[in-house]
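Chain residues, written in single-letter form:
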Amino acid sequence: MTESPLTGVLKSGEAFTNEELFARGQNVIPGGVNSPVRAFRSVGGTPYFVTKGQGARVFDVEGNSFLDLVQSYGAIIAGHAHPHIIDAIRSAALDGTSFGAPTPREVLLAEEISRRVPSCQKIRMVNSGTEATMSVIRVARGATGRDRILKFAGNYHGHSDGLLVSGGTAMASLGIPASAGVTANAIADTVVAPYNVVPELDETFAAVIVEPCAANMGLVLPAPGFLEGLRAECDRVGALLIFDEVITGFRVGRGGAQQRLGVAPDLTAFGKIIGGGLPVGAFGGRGELMDNLAPLGPVYQAGTLSGNPLATAAGLATLELLDDAAYELIETRADCLAGAFANAFTAVGIDVKVPRFGTLIGLYFGDTTPTDYESACRTNETMYASFFHALLARGVAIAPGAYEVMFPGLAHDDEVLEAIADAAALAAAHVAEAR
Ligand SMILES: *Cc1c(COP(=O)(O)O)cnc(C)c1O
């Protein structure tokens, strides 16, 4: 307690425990958190309140430190508080934080995104991944003059009404809302289909939106031919293909999943990494599609803080660190990490699958690699929770939910990887004993 990093941060010198903060938080914030997964509901227990991050580590209010594979759910790739990114944010902040006028870095960031992702000739910045997918759908509808969209069960595209449709228990074609407060009208034009099966479309569809590699139901890779099939089916009926690269963009390679997989969408949504840890999103596509946006066209979209000077500075600084060598390095590390997790469970006789896509890693408790939402849901969540806590007790943080993925990055060097591998072996043994 005496070494609590928070003491240095708060002028009052007030020291907290995680329990106290969570209790106080629950009085004034629903569930004590500003995004549901953080509340630890699916793994049980009390969340750790972070005071500080440094590279691969996060520190909590009680002075504990964890090797962090959450990395802000993929918003961080260079490690916490990377000096190059922090310097960029600091110097941007000194010049003012928001103007309501265009700023130079908006142009530079759009140019850089476009260089890396050639399908995005034009880009518009927004403030979250949710905004990016919501707006890109509006562009697709405006451009085609059609209403319906198709999404895949288990793909997450943020929390806007029209995209918040479960494919889980609800009959997909009925479009039952997953969330209270989403009206039947809001999702009447959203059709849900199983991942990895090319659906048959017709001329009523404006667009198909897809995570080119699904990373919100654990990690589910696209089956060979799936994305090519989607491309062909969209072309057949004149629907637009939208890739949601909010996670995969600038994560699995310089040009995202579309470059890696060799399928070009019409429109793409981004978020997470391009904000370098600040609130951001973006979407882009061919010039003639994007020019449907106001002020050029009739599709309205706007944002007081969009293209924010701090966020664009952080995004540019992050991309500066991400050359081909950086991705190769992270991919080697991801491979090593995936191997360590697989070995840890093999050693104790527990069936796991550890799928990997480039730099992304999933973890399923079961004996078959999932291909869609239904099979992904067969993971043993109790075992995940047990492993989560056993790892946390040994100083390693993975996400407090069985359907999240792991995000190794530039800060996860050999020493960190070894420490994680050791902790994973011990934690897996604990899971085996507790079973
Ligand atoms: C995180 C995520 C979003 C939503 O982004 P927010 O910034 O949380 O609104 C959308 N799509 C995918 C694939 C994501 O992983």
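Concerning the overall build of the chain
Per the secondary structure count, the chain includes 14 helices and 15 strands. Since a compact globule built from 435 residues should have a radius of gyration of about 22 Å, the 21 Å found for the chain is in line with a globular shape. Looking at the chain as a whole, 54% of its 435 residues are labelled buried. If you take every contact in the chain between residues at least 6 apart in sequence, the share linking residues at least 24 apart comes to 72%. Charge-centre separation for the chain: the mean point of 30 positive side chains lies 3 Å from the mean point of 46 negative side chains.

Comments concerning the sheet that holds strand β8 (residues 240-244)
The mixed open sheet is built from seven strands, whose spatial order is β4-β10-β9-β8-β7-β5-β6. Here the strands that pair on one side only, and so sit at the sheet edges, are β4 (122-126) and β6 (190-193). The mean angle between the axes of side-by-side strands here comes to 20°, regardless of whether they run parallel or antiparallel.

Brief notes about helix α7 (residues 226-237)
With twelve residues, α7 ought to run about 16 Å at 1.5 Å a step, and its terminal C-alpha atoms sit 17 Å apart, in line with that. For α7, the full list of buried residues reads Phe226, Leu227, Gly229, Leu230, Arg231, Glu233, Cys234 and Val237. Buried residues along α7 sit against β5 (148-152), β7 (205-210), β8 and α8 (256-261). At the C-terminal side of α7, Gly238 shows a positive phi close to 75°.

Considering the domain arrangement of the chain
Here the chain is described as being made up of domain 1 (84-321) and domain 2 (323-354). For domain 1 and domain 2, the distance between their C-alpha centres works out to 28 Å. The interface is formed by eight residues belonging to domain 1 together with five residues belonging to domain 2. It is Arg254, Arg260 and Leu321 that lose the most area in domain 1 upon contact with domain 2, and together they represent 61% of the buried surface on that side. Here domain 1 is connected to domain 2 by one salt bridge. Arg260 is the partner of Glu331 in a salt bridge, and the nearest nitrogen-oxygen pair spans 3.0 Å. Summed over the shared surface of domain 1 and domain 2, the result is three residue pairs in polar contact (both at pLDDT 80 or more). A breakdown of the residues in the side of domain 1 that touches domain 2 according to their chemical character gives three nonpolar, one polar and four charged.

Re a negative patch on the surface
On the surface, a cluster of negative charge is contributed by Asp413, Asp414, Glu415, Glu418 and Asp422. Inspection of the secondary structure assignment puts Glu418 in helix α14 (residues 414-434).

Considering the packing of aromatic side chains
The full count for this structure, using the stated rule, is 13 aromatic pairs. Where Phe345 meets Phe387, the ring centres are 4.8 Å apart and the plane angle is 65°; that geometry is what we call edge-to-face. Placement of the pair is Phe345 in helix α11 (residues 324-346) and Phe387 in helix α13 (residues 381-393), with a sequence separation of 42 residues. Where Phe365 meets Tyr384, the ring centres are 6.4 Å apart and the plane angle is 85°; that geometry is what we call edge-to-face. Of this pair, Phe365 sits in strand β14 (residues 364-365) while Tyr384 sits in helix α13; the two residues are 19 residues apart in sequence, bridging distant segments of the chain. Assessed through its relative accessible area of 3%, Phe365 is described here as buried. The class of Tyr384 is buried, set by a relative accessible area of 4%.

A word on unusual backbone geometry
Omega for the bond connecting Ala294 with Pro295 falls within 30 degrees of zero, at 15°, which places this linkage in the cis form. As for its placement among the helices and strands, Pro295 is situated in the loop between α9 (287-290) and α10 (309-321). The backbone phi angle of Phe40 is positive, close to 70°, even though this residue is not glycine. Relative to the elements of secondary structure, Phe40 occurs in the loop between α2 (18-28) and β1 (50-54). With a phi close to 60°, Phe250 is a non-glycine residue in the positive phi region. Positionally, Phe250 belongs in the loop between β8 and α8. For Phe250, a relative accessible area of 1% translates into the label buried.

Section: the site of the ligand
Taken together, Ser128, Gly129, Thr130, Tyr156, His157, Gly158, Glu211, Asn216, Asp244, Val246, Ile247 and Lys272 are the residues near the ligand. Gly129 places a polar main-chain atom, nitrogen or oxygen, 2.8 Å from an oxygen atom of the ligand. Here an oxygen atom of the ligand sits 3.1 Å away from a polar atom, N or O, in the side chain of Asn216. Starting from 380 Å² of accessible surface for the ligand in isolation, the protein chains cover 83%. A class-by-class count of the residues in the shell around the ligand yields three nonpolar, six polar and three charged.

Procedures and definitions
- Residues numbered from 1 in each chain as written.
- Predicted model: local features only at pLDDT ≥ 70, side-chain atom pairs only at ≥ 80, totals over all residues.
- Heavy atoms only, no water.
- Helix = DSSP H or I, 4+ residues; strand = E, 2+ residues; numbered from the N terminus.
- Rg over C-alpha atoms; globule rule 2.2 N^0.38 Å.
- Buried < 20%, exposed > 50% of the residue type's maximum accessible area, 1.4 Å probe, protein only.
- Contact = heavy atoms within 4.5 Å.
- Lys, Arg positive; Asp, Glu negative; His and termini not counted.
- Charge placed at Lys NZ, Arg CZ, Asp CG, Glu CD.
- Pairing = 2+ DSSP bridges.
- Axes fitted to C-alpha atoms, helices over the stretch in contact; angles between N-to-C directions.
- Expected span 1.5 Å × (residues − 1).
- Domains from an automatic or database assignment.
- Buried area = accessible area lost by both parts, 1.4 Å probe.
- Salt bridge = Lys/Arg side-chain N within 4 Å of Asp/Glu carboxyl O.
- Polar contact = N/O pair within 3.5 Å; in protein donor to acceptor, adjacent residues only side chain to side chain.
- Nonpolar A, V, L, I, M, F, W, Y, C, P; charged D, E, K, R; others polar.
- Patch = residues over 30% accessible without salt bridge, like charges linked within 9 Å, V, L, I, M, F, W, Y side chains within 5 Å.
- Areas by Shrake-Rupley, 256 points an atom, 1.4 Å probe, with all protein chains shown as cover.
- Phe/Tyr/Trp six-rings, centres within 6.5 Å; stacked < 30°, edge-to-face > 60°.
- Near = heavy atom within 4 Å.

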